[in-house]
Amino acid sequence: MIRISRALVIIAVTGVITVCLFILLTIGMKGMDNFKIKNIVAREGRVLDFSYLKGRNIFTLDLERESRRVLLAYPYYKKIRLMRVMPNMLFADCVKRRPLVCVDANRRLFIDEENVVYAVPAQNMVLNVPLIVGLEKKIATPKGFRKNTIQDLYYVLTLIKEAKTFLGAYPIQRIDMNQKGQAEFFIPFKSADILREARNKELRAIPEGLEVKVTFDDIRDKVKALAGLLQQCREDLYNIQYIDLRFKEPVIKQRQKN
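Residues numbered from 1 in each chain as written. Predicted model: local features only at pLDDT ≥ 70, side-chain atom pairs only at ≥ 80, totals over all residues. Heavy atoms only, no water.

## Details of the overall build of the chain
Within the chain one finds five helices and 13 strands. Burial status across the chain gives 38% buried among its 258 residues. Once local pairs closer than 6 in sequence are excluded, the contacts in the chain between residues at least 24 apart make up 54%. (Helix = DSSP H or I, 4+ residues; strand = E, 2+ residues; numbered from the N terminus. Buried < 20%, exposed > 50% of the residue type's maximum accessible area, 1.4 Å probe, protein only. Contact = heavy atoms within 4.5 Å.)

## Considering the pairing of strand 11 (residues 209-215)
In the case of a regular strand, side chains alternate between the two sheet surfaces. Across the seven residues that make up strand 11, a large majority, six, are buried. As defined by bridge partners, strand 10 (residues 182-188) adjoins strand 11 across seven bridges and the pair is classed as antiparallel. Across the sheet, P188 pairs through a bridge with G209, a residue of strand 11. Here strand 11 runs beside strand 12 (residues 240-244); their pairing, made up of three bridges, is parallel. The residue of strand 12 that forms the bridge with E211 is Y242. For the segment spanning strand 11, helix 5 (residues 219-232) and strand 12, crossover handedness is left-handed. (Pairing = 2+ DSSP bridges. Right-handed = clockwise from strand over helix to strand, strands pointing away.)

## What to know about the nonpolar core
Judged by nonpolar contacts, the single largest core of 42 residues is most densely connected at I132, L167, I175, F185, L226 and L230. Counting only elements with at least two residues in this core, the list comes to strand 4 (99-104), strand 5 (108-112), strand 6 (116-119), helix 3 (151-166), strand 10, strand 11, helix 5 and strand 12. Setting aside residues no more than four positions away along its own chain, F185 makes contact with L159, I172, R174, I175, L210, E211, V212, V214 and L226. Core analysis: the next-biggest nonpolar cluster, separate from the first, contains 27 residues, V70, F110, Y118 and V129 among them. (Core = buried A, V, L, I, M, F, W, Y, C linked by side-chain atoms within 4.5 Å.)

## Notes on helix 3
With 16 residues, helix 3 ought to run about 22 Å at 1.5 Å a step, and its terminal C-alpha atoms sit 23 Å apart, in line with that. All buried positions along helix 3 are accounted for by D152, L153, V156, L157, L159, I160, E162 and A163. Each element contacted by the buried residues of helix 3 is listed here: strand 4, strand 5, strand 7 (131-133), strand 9 (174-176), strand 10 and helix 5. Following helix 3 by one or two positions, G168 has its phi on the positive side, about 60°. (Expected span 1.5 Å × (residues − 1).)

## Some remarks on the pattern of salt bridges
For the coordinates displayed, the defined rule picks out twelve salt bridges. With a shortest N-O distance of 3.0 Å, R97 and D112 are connected by a salt bridge. Taken together, the residues R97 in the loop between strand 3 (89-96) and strand 4 and D112 in strand 5 connect sequence positions 15 residues apart. Looking at R97, the relative accessible area reads 9%, which means it is buried. One salt bridge connects R97 with E114, and the closest N-O pair in it is separated by 4.0 Å. (Salt bridge = Lys/Arg side-chain N within 4 Å of Asp/Glu carboxyl O.)

## Some points on the pairing of strand 2 (residues 77-85)
Of the pairings in the sheet, the one linking strand 2 to strand 3 comprises eight bridges and is antiparallel in character. When the bridges of strand 3 are listed, L82 appears paired with A92. The hairpin turn running from strand 2 into strand 3, its antiparallel successor, is three residues long.

## Side note on helix 5
Working note: α-helix, 3.6 residues per turn, so residues spaced by three or four point in the same direction. Taking 1.5 Å per residue, 14 residues should reach 20 Å; helix 5 reaches 20 Å between its end C-alpha atoms and fits that length. Considered for burial, the residues of helix 5 that qualify are I219, K222, V223, L226, A227, L229 and L230. In a view along the axis of helix 5, the buried residues occupy a sector of 165°, so they form one face of it. Along helix 5, the residues that are exposed and aim more than 90 degrees away from the buried face are Q231 and Q232. (Arc of directions from axis to C-beta.)

## Focus: the environment of G228
Position of G228 relative to the elements: it lies in helix 5. On the basis of relative accessible area, G228 is assigned to the partly exposed category, the value being 27%. Sequence spacing of G228 and F166 is 62 residues, and the spatial spacing of their C-alpha atoms is 9.1 Å.

Encoded structure:
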């Protein structure tokens, strides 16, 4: 028993000494210039400004709090995660939001796959997403970012997602929401086959694309029906002015002969 007690005392004393040395070492390291942040490397975040973190001690920095602070300043980023790289560097793992549509309001706003509305600086403007018009009075510029709560905008996002699934080579370029409960969207003629057919017919003016009119009930079924029509009429699309999907049966309006 005496030997066991003596061993326990030795272990306890050793443990206390180790902890004290660790605390003293940590305090000493926190005061050393070698552990003050000098470099910050960001993946997919070249426009982000982390310079205010330079000179801060790498041990005392609250990385989660700083990540949230940067996200508020740059709402077009979905995630920013800061990690320590010893002895004096930070690594920022940054993920941008992926916009589905652009809303033409007081300034151009974007809505991503998570239904989040946010603004983008002019120098980082996204140009290859569908533009929505007609919702200028329903949506305001958010401070930072916020979830979308506008029903019409929710319908549009559903339409865009279904179009990405079923329309493939026929992307939507513009959506007009000026009429309540329905939308008109424009599909540009970008396919080389369509342009070639139009030139072979020696048209004096090759149309830029066709319009589609749709209501927001059964959106998935209507987009699937549109995909079938586009495939059936692929060689004659330049001759169609618009396709109307607001009725039980689709209506195709032929373009006037030029």
